[in-house]
Amino acid sequence: MSSNIPLVSGAQPSTGHLDEFNNDPLALMHRAYEECGEICEFNLGGLHTVLLVGPDAHEAFFRSPDEQLSAADAYQMMVPVFGEGIQYGAPPEIERQQLKMQVKGLKYERMVNYAEIIERESEAFSSDWEEHGELDIYDAFTRLTLKTSTHCLLGTDFRQQLTEEFAGLYHDLEDGLAPSSLTAPYQDAERFRRRDRARERLVELIRERVRLRRERGEAEHDMLQVYMDATYKDGRPLTDHEITGMVIWFMFAGHHTSSNTTAWTLLEIARNPQYKQRLLAEVDALFEDASALTFRGLRDIPLLDGFIRESLRLHPPLNAITRRVMSDWSFKRYVVTAGKNIMVCPHVSHKLPKYFDNPNVFDPERRDSGHLFAEIPFGGGRRKCIGNGFAVLQVKAILSTLLHRYDFSLTAAAESYGEIMPALILRPSDPCTLKYTLRSA
Ligand code: HEM
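Fair warning: this is a prediction, and the values are worked out from it, not measured in the lab.

A. Representation of unusual backbone geometry in the model. Residue Pro 431 follows Asp 430 across a cis peptide bond; omega there is -15 degrees. In this structure, Pro 431 sits in the loop between strand 11 (427-428) and strand 12 (433-438). Unusually for a residue other than glycine, Gln 87 sits at a positive phi of about 40 degrees. Note that Gln 87 resides in the loop between helix 5 (79-82) and helix 6 (92-104).

Written out as structure tokens, the structure reads:
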């Protein structure tokens, strides 16, 4: 005999909890958990959404097959951004093959190349800094990781010639995603029209780059090359439209998630100066051997690793991990009926005291929670993030390069640095300014 799923209070007569979700999705999900516990339901303008909290629920969610809990049906808002026929806009069999192509671009030998690129970009980024100054780190890392991502994805030429225009187009694409996109991906509003124009222009730019590279018979070590060389099982190569979609997909998956994690990690380093001496000793040791800042070298920076992991626990970038229920789905004594959405929210579940002692305290040496599905910043199961290695590599390469040269400290009270989630990705609130001082000064 199944039980009714508890309903979250405060639904408005016609729109349910939609306005509350669109204004502050995290506040709604925290309130929902506090009110109802492990499972509850809210209503996003007719889209009934069940929130699951805690490792048992996560495990059941992530281990369910796509045919029953569908990511594609839940994330249709990404289709106008990536393009028809790409990822969630493609049939499952095609999507699987496209994902394999993406994974190919993240193989070890390519990662070594990316590590070098990121290190060079980070050095250039701080090369004209004074002995001391102030920096909005959210803004700075958004710009820096756009350069590193463009460089690793599209190659040196594209990075050097097109950064400004690319940045503007990319901004318009991103602006076409808001919490409201979850329920209405095709809204008739200027920001969505700008999104569509930006995508069209991006196709032109990338098509031209592909044409030139083919014409010159060049082959690079970037993701664009992987897409150009890739073929589906039946031998068909990707079209230019598909190549562009693959590029946008990877930019979206990796850019803000990585830049925000870099910002949060540096912010927590500045907020927790008691670890600084040990952290800097670790980082400096990497530079004693000129060849140490390679992918291999980057693998072993235990305290910095701890800072990144703990930043991802307290400030996970993605907090509305969603599936559409395709056939009735059971969890414990509850049944979620087909047609509803199910969501898991790391920001809520990463603070459960049962798995994390003093959950709101930042502890870079925190012990493992002991449950595989307690900490889920990268999701889990078959759809777990394929870029997690690249993301951590990127954060480490940027921060070790900067920390070797500069000391960072807060410019305002520690508690004044807040969190906001305006476009489905958690980020630091404005301003997010730190002071930097040249270490040898
Ligand atoms: C700190 C940085 C990152 C975080 C927190 C993050 C988080 C996530 C999460 C939570 C998912 C699962 C979504 C779901 O189950 O619905 C995911 C999937 C994915 N991520 Fe990441 N990600 C990060 C960086 C990256 C990077 C750098 C790339 C690419 C280089 C990337 C590529 C992907 C892809 C392609 C998927 C889809 C996998 C699939 O559908 O099977 N991510 N990511």
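B. Here's a closer look at the coordination of the iron atom of the ligand. Exactly one protein atom donates to the iron atom of the ligand; that atom is Cys 385 (SG), 2.3 Å from the metal. Mapped onto the elements of the fold, Cys 385 is located in the loop between helix 16 (346-349) and helix 17 (388-405).

C. Up close: the site of the ligand. Neighbouring the ligand are 25 residues; Tyr 75, Leu 99, Arg 323, Arg 383 and Cys 385 lie closest to it. A distance of 2.6 Å separates an oxygen atom of the ligand from a polar atom in the side chain of Tyr 75. Between an oxygen atom of the ligand and a side-chain N or O atom of Arg 323, the distance comes to 2.8 Å. Elements with a minimum of two residues in the shell around the ligand: helix 12 (240-271), strand 5 (321-325) and helix 17. If one sorts the elements of the shell around the ligand by residue count, helix 12 sits on top with seven residues. Residue composition of the shell around the ligand, grouped by class: 16 nonpolar, seven polar and two charged.

D. Structural view of the packing of helix 12 against helix 15 (residues 302-314). The N-to-C vectors of helix 12 and helix 15 enclose an angle of 115 degrees; their axes lie 9 Å apart at closest approach. With respect to helix 15, the axis of helix 12 lies roughly perpendicular. Considering how the two elements wind past one another, helix 12 and helix 15 form a crossing that is right-handed. Along its contact with helix 12, which presents Thr 261, Trp 264, Thr 265, Glu 268 and Ile 269, the element helix 15 presents Leu 304, Phe 307, Ile 308, Ser 311 and Leu 312. For the contact of helix 12 with helix 15, a count of residues per class yields six nonpolar, three polar and one charged.

E. The environment of Ile 301, seen in detail. Assignment of secondary structure puts Ile 301 in the loop between helix 14 (295-298) and helix 15. The exposure class assigned to Ile 301 is buried, which follows from its relative accessible area of 0%. For Ile 301 and Ser 400, which are 99 residues apart along the polypeptide, the C-alpha to C-alpha distance reads 9.2 Å. Discounting chain neighbours no more than four positions away, the residues touching Ile 301 are Glu 282, Leu 286 and Lys 396.

F. Local environment of the pattern of salt bridges. Summed over all chains, the structure comprises 37 salt bridges. Two residues, Asp 430 and Arg 427, come together in a salt bridge whose shortest N-O distance is 2.6 Å. The class of Asp 430 is exposed, set by a relative accessible area of 51%. On the accessibility criterion, Arg 427 (12% relative accessible area) is buried.

G. Region of the structure containing the side chain of Gln 87. Using a relative accessible area of 6% as the deciding quantity, one classes Gln 87 as buried. Once you skip the residues sitting within four places of it in the chain, Gln 87 turns out to touch Phe 82, Glu 95, Gln 98 and Trp 249.

H. The arrangement of the packing of aromatic side chains in detail. For the coordinates displayed, the defined rule picks out 18 aromatic pairs. Plain terms: the ring middles of Tyr 75 and Tyr 88 are 5.2 Å apart, the flat faces sit at 45 degrees to each other, and that makes the pair tilted. Of this pair, Tyr 75 sits in the loop between helix 4 (71-74) and helix 5 while Tyr 88 sits in the loop between helix 5 and helix 6; the two residues are 13 residues apart in sequence, bridging distant segments of the chain. As far as burial versus exposure is concerned, Tyr 75 and Tyr 88 are alike and both buried. Relative to Phe 166, the ring of Phe 158 lies with its centre 5.4 Å away and its plane at 90 degrees, an arrangement referred to as edge-to-face. Both residues of the pair, Phe 158 and Phe 166, belong to the buried class. Among the aromatic side chains, those forming a connected cluster through ring pairs are Phe 82, Phe 158, Phe 166, Tyr 170, Trp 249 and Phe 252. A cation sits over an aromatic face here: Arg 313 above Phe 356, 5.2 Å from the ring centre. Note that Arg 427 overlies the ring of Tyr 138, its terminal NZ or CZ placed 3.7 Å from the centroid.

I. A look at the side chain of Ser 126. Along the chain, Ser 126 turns up in helix 7 (residues 108-126). Residues in contact with Ser 126, not counting those within four places in the same chain, are Leu 402, Arg 405 and Tyr 406.

J. Just the packing of helix 13 (residues 276-288) against helix 17, in detail. The N-to-C vectors of helix 13 and helix 17 enclose an angle of 100 degrees; their axes lie 9 Å apart at closest approach. Classified by the angle between their axes, helix 13 and helix 17 sit roughly perpendicular to one another. Seen from helix 13, the contacting residues are Leu 279, Leu 280, Val 283, Asp 284, Leu 286 and Phe 287; seen from helix 17, they are Ser 400, Thr 401, Leu 403 and His 404. Of the residues belonging to the contact of helix 13 with helix 17, the class tally is six nonpolar, three polar and one charged.

K. The arrangement of the nonpolar core in detail. In this structure, Phe 42 and Leu 52 are the most contacted members of the largest nonpolar core, which totals 132 residues. Top element by residues in this core is helix 12. It accounts for 14 residues. With sequence-adjacent residues up to four places away left out, Leu 52 is seen in contact with Glu 38, Ile 39, Ala 57, His 58, Phe 61, Trp 329, Phe 331, Ile 342, Met 343, Val 344 and Cys 345.

L. The arrangement of helix 17 in detail. With 18 residues, helix 17 ought to run about 26 Å at 1.5 Å a step, and its terminal C-alpha atoms sit 26 Å apart, in line with that. Among the 18 residues that make up helix 17, 13 are buried, leaving the element largely enclosed by the rest of the structure.

Here is what the cut-offs are and how they apply
- Residues numbered from 1 in each chain as written.
- Predicted model: local features only at pLDDT ≥ 70, side-chain atom pairs only at ≥ 80, totals over all residues.
- Heavy atoms only, no water.
- Helix = DSSP H or I, 4+ residues; strand = E, 2+ residues; numbered from the N terminus.
- Donors = N, O, S within 2.8 Å, 3.2 Å for Na, K, Ca; no water.
- Near = heavy atom within 4 Å.
- Polar contact = N/O pair within 3.5 Å; in protein donor to acceptor, adjacent residues only side chain to side chain.
- Nonpolar A, V, L, I, M, F, W, Y, C, P; charged D, E, K, R; others polar.
- Axes fitted to C-alpha atoms, helices over the stretch in contact; angles between N-to-C directions.
- Parallel < 35°, antiparallel > 145°, perpendicular 65-115°, else oblique.
- Left-handed = near helix turned anticlockwise from the far one by under 90°.
- Contact = heavy atoms within 4.5 Å.
- Buried < 20%, exposed > 50% of the residue type's maximum accessible area, 1.4 Å probe, protein only.
- Salt bridge = Lys/Arg side-chain N within 4 Å of Asp/Glu carboxyl O.
- Phe/Tyr/Trp six-rings, centres within 6.5 Å; stacked < 30°, edge-to-face > 60°.
- Lys NZ or Arg CZ within 6 Å of the ring centre and 35° of its normal.
- Core = buried A, V, L, I, M, F, W, Y, C linked by side-chain atoms within 4.5 Å.
- Expected span 1.5 Å × (residues − 1).

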